[in-house]
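Summary of structural features
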Amino acid sequence: MSLYAELHRHLGGSVVPRVLWRYFHRSQSDLAQRFPEYPEFEEFYTRPRKTLDEYLELHTLVENVQSAKTLPYFIYRLIRGAYIFENLAYLELRYTPYLRTPDHLPQTERIDQMAQIVEIVGQASQLSEYPIVTSQILCMHSRLPYAVNRAIVELSAQNRTYVCGIDLAGGDAYYAERLDEFTELYAYARSLGLNTTGHVYETTDGSYPELLPYLMRIGHGIQIPLRYPELLPELAQQNQCLEVCPTTYLKTGTLEDIRQLKLVFDRCFEAGVDIAICTDNAGLHNVRLPFEYENLLTYDVIGFKELQACQDAAFKHAFAWPHRQRPASILTEVLREDEKVSEPAQSVVN
Ligand SMILES: [Zn+2]
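Quick caveat: nothing in here was measured; it's all calculated off a predicted structure. Along each chain, the written sequence defines residue order, and numbers are assigned to residues from 1. Local features are withheld for residues below a pLDDT of 70 in this predicted model, meaning they are given only at 70 or higher, and side-chain atom pairs are given and counted only at 80 or more; totals for whole chains, interfaces and linings count all residues.

With that settled, consider the sheet that holds strand 3 (residues 133-141). Whether two strands pair depends on DSSP finding at least two bridges between them. The numbering of helices and of strands both runs from the N terminus, where a helix is a DSSP run of H or I of at least 4 residues and a strand a run of E of at least 2. What the 4 strands build is an open sheet, ordered 1-2-3-4; its pairing is parallel. Two strands close off the open sheet at either side, each with one partner strand: strand 1 (4-10) and strand 4 (163-169). Averaged over all neighbouring strand pairs, the angle between strand axes comes to 25°, with direction disregarded. Pairing of strand 1 with strand 2 (residues 88-95) involves 5 bridges; the strand directions are parallel. Among the inter-strand pairings, arginine 9 is bridged to a residue of strand 2, identified as leucine 93. Every angle, taken between N-to-C directions, lies between 0 and 180 degrees, and every axis is a line fitted to C-alpha atoms, over only the stretch in contact when it is a helix.

Here it is as C-alpha cells:
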C-alpha cells in the first residue's frame, strides 16, 4: 500500500468546485444566484485560462471567502478529501496569511491578525478521524508591500509548531522590479533557519538565477530543464528539488501539451535533480494527486520506476515529515511482521 506526500498545494486552490459551490449556496452568496446549478459553476471554475495572471485572479474568489470564521469549514473538507481520495500521509499547505485577514483593516492590524490565522489553520488541520501529517508554508506575495512580506518571514520563524517554511508567490513576472527586496528577505529567512521554496522558472517570465542560491526547493522550475539545462548540475549538487505540478501548466497556458514535460523529467533524471510531483491547486483543477501520477504514466511522460523515484523524492524533500522512511516501507515492514506471526498457525492447519 502506498501513501503519498504533497509538497505544493495552495490553500486557496485546494477547495474542490463542489465544496465551494455548496458553500456559496449555504451562505447565500451572490455567486449562488449566478450559478444555480453545479455543472455551470464547475465549468467556470476549472476551465483553462490564457495566462498565469488570469489564472491567479481565480484565487481571489476563494481568498475572499476564506476568513478566520470559515477556514475550519474549508480545511476540514480539504483534509477529509486528501485522506479518503488521495491517500496522503503528508501535506504541506501554503497560503498568504495576510490575504485571509479583513481587507478593511489598516495594514498593521492585518499583520497582527496573521498569527491568529496560522493558529486556526494549524488547529483545523489536525483531525483525529483523518490523520495526516500537515504543516504550513507561508507565502510572501509579489504584490504585497515589503513590511507585510517581512512580517510573514518573522511569523514563520516564531511559529515553528505549525509552519515549516516560506515561499514567494503571486505571479513571477512581478519579482523583477523588487528583486533586491526578495533576495534580502530570502537571505533573512535562511539566517533565521527557515526552510525555503519559491515560485520561479514557472513561466518564461520567471527566470531569476539570483534567487536560486536561497531556495531549498524550487516551486515549478520547469523552465530550468527546458531552457537553461546548464543550471541542472548546480541544482543537483545543492540537492534542490523541483516541485512539478503537471496540470497547472496546461491551465495557465505555459505548456500546450502535457507530453512537453517529458523533456523536463528526462533532463532532471539525467542530471540527478529530484522532482516531487504535486498538484498546486487540486481543487481549482479538479485533479487530485493520484490522477496527476496517472496522467504522467498515461502520456508516457514517465514510467512506474520514475514515478516511484518522484514519490520517494517528495518524502525526502518534505520540510516536516518526522520519519526517516516513507510510509510505504514502514507499512511493508509491519505487514511482513504479520506474515511471520501467521506462518506457524498455518502450518498447524496444514
Ligand atoms: Zn503554486
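Continuing now.
Our focus in this paragraph is unusual backbone geometry. In this structure, histidine 220 is a non-glycine residue whose phi angle is positive, near 75°. Unusually for a residue other than glycine, aspartate 300 sits at a positive phi of about 55°. In this fold, aspartate 300 is placed in the loop between helix 14 (289-298) and helix 15 (304-316).

Any helix carries an expected span of 1.5 Å times its number of residues minus one. The terminal C-alpha atoms of helix 15, which comprises 13 residues, lie 18 Å apart, in line with the 18 Å expected from a rise of 1.5 Å per residue. With C-beta atoms placed from the backbone, the exposure class of a residue follows from how many other C-beta atoms lie within 10 Å of its own: 20 or more, buried; 12 or fewer, exposed; in between, partly exposed. Listed as buried for helix 15 are Cys310, Gln311, Ala313, Ala314 and Phe315. Two residues qualify as a contact pair if the distance between their C-beta atoms, derived from the backbone, is within 7 Å. Lining the buried residues of helix 15 we find strand 1, strand 2, strand 7 (241-244) and strand 8 (275-277).

Where helix 6 (residues 107-124) contacts helix 7 (residues 146-158), the axes come no closer than 11 Å and their chain directions differ by 25°. For the element pair helix 6 / helix 7, the angle class is roughly parallel. Note that helix 6 runs across helix 7; the crossing there is right-handed. Between helix 6 and helix 7, the residues in contact are Gln107, Ile111, Met114, Ala115 and Val118 and Ala147, Val148, Ala151 and Leu155, respectively. Any angle between 65 and 115 degrees counts as roughly perpendicular, while under 35 counts as roughly parallel, over 145 as roughly antiparallel, and the rest as oblique. We call a crossing left-handed when the near helix sits turned anticlockwise from the far one by less than a right angle, and right-handed when that turn is clockwise.

To continue, consider the sheet that holds strand 8. Taken in spatial order, the 4 strands make up an open sheet running 5-6-7-8, and their pairing is parallel. Every other strand in the sheet has two partners, leaving strand 5 (199-200) and strand 8 as the edge strands with one partner each. Note that strand 5 and strand 6 (residues 217-220) share 2 bridges and pair parallel. Residue pairing for strand 6: histidine 199 is matched across the bridge by glycine 219. Across the sheet, helix 15 lies against strand 7 and strand 8, angled at about 95° from strand 8, the strand it touches most.

What follows covers the UniProt feature "domain: Adenosine deaminase" (unreviewed entry) in the protein chain. Taken from the UniProt record, the annotation "domain: Adenosine deaminase" (unreviewed entry) applies to residues 5-320. Counting secondary structure, residues 5-320 comes out at 48% helix and 14% strand; the distance between its end C-alpha atoms is 11 Å. UniProt positions are given in the numbering used here, feature names are shortened, and annotations may be inferred rather than shown by experiment.

A separate point is the pairing of strand 2. Each regular strand carries side chains that alternate between the two faces of the sheet. In terms of burial, strand 2 is largely enclosed, as 8 of its 8 residues are buried. Inspection of the sheet shows strand 2 paired to strand 3 by 6 bridges, in the parallel sense. Within strand 3, the residue paired with tyrosine 90 across the bridge is valine 133.

All right, on to the pairing of strand 4 then. Extensive coverage of strand 4 is indicated by the burial of 7 of its 7 residues. Looking at chain direction, strand 3 and strand 4 are connected through 6 bridges and run parallel. Following the sheet pairing, glutamine 136 is matched in strand 4 by valine 163. With the strands pointing away from the viewer, any crossover whose connection runs clockwise from the first strand over the helix to the second is right-handed. Between the parallel elements strand 3 and strand 4, the chain passes through helix 7 in a crossover that is right-handed.

The topology assignment puts cysteine 310 in helix 15. Judged by the 22 C-beta atoms lying within 10 Å of it, cysteine 310 falls in the buried class. Placed 45 residues apart in sequence, cysteine 310 and phenylalanine 265 show a C-alpha to C-alpha distance of 9.8 Å. If we skip the residues at most four places from it in the chain, cysteine 310 touches Ile275, Ala276 and Ile277.

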